[in-house]
Amino acid sequence: MAFTVIWYGRQGIVDKETFDAEKTAKDHAISMFQTRKGDDGIVAVEVRNDNGAVVFSHAEN
C-alpha cells in the first residue's frame, strides 16, 4: 500500500510525495514540517493511504 504526504500552503496543495510505508511517511511529515514551513510557507501536512483516508495530519498557523 502506498501512502501520500500532501503539503498545503495558504493557497492549496504545494507538493505531494509517495512512500511505501505509513510510518516512513508520517516520520517524514513530522521531521520536515518546520523546514518546509520556513522554506515553502507550508501551513499543513496530511498523510493519506491508497483509498484517500487521512491517517495523519498536522497544521500550524
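What counts, and where the lines are drawn
- Residues numbered from 1 in each chain as written.
- Predicted model: local features only at pLDDT ≥ 70, side-chain atom pairs only at ≥ 80, totals over all residues.
- Heavy atoms only, no water.
- Phe/Tyr/Trp six-rings, centres within 6.5 Å; stacked < 30°, edge-to-face > 60°.
- Lys NZ or Arg CZ within 6 Å of the ring centre and 35° of its normal.
- Helix = DSSP H or I, 4+ residues; strand = E, 2+ residues; numbered from the N terminus.
- Polar contact = N/O pair within 3.5 Å; in protein donor to acceptor, adjacent residues only side chain to side chain.
- Expected span 1.5 Å × (residues − 1).
- Bend = angle between axes of the 7 residues up to and from the residue.
- Buried < 20%, exposed > 50% of the residue type's maximum accessible area, 1.4 Å probe, protein only.
- Contact = heavy atoms within 4.5 Å.

Trainee: Go over the packing of aromatic side chains with me, naming the residues and quoting the values.
Mentor: This structure, assessed with the given rule, holds zero aromatic pairs. Here R36 stacks its cationic end above the ring of W7, 4.8 Å away from the centre of that ring.

Trainee: Account for the side chain of R36, with residues named and values stated.
Mentor: Looking at the element boundaries, R36 is found in helix α1 (residues 22–40). Among the polar contacts listed, one links the side chain of R36 to the side chain of D15, at a separation of 3.3 Å.

Trainee: Account for α1, with residues named and values stated.
Mentor: If you check α1, its first and last C-alpha atoms are just 23 Å apart, much less than what 19 residues at 1.5 Å a residue would give, namely 27 Å. Of all bends in α1, the biggest is about 50°, found at M32. Buried within α1 are the following residues: A25, H28, A29, F33 and R36. On its buried face, α1 sits against β1 (3–9), β2 (12–19), β3 (44–48) and β4 (54–59).

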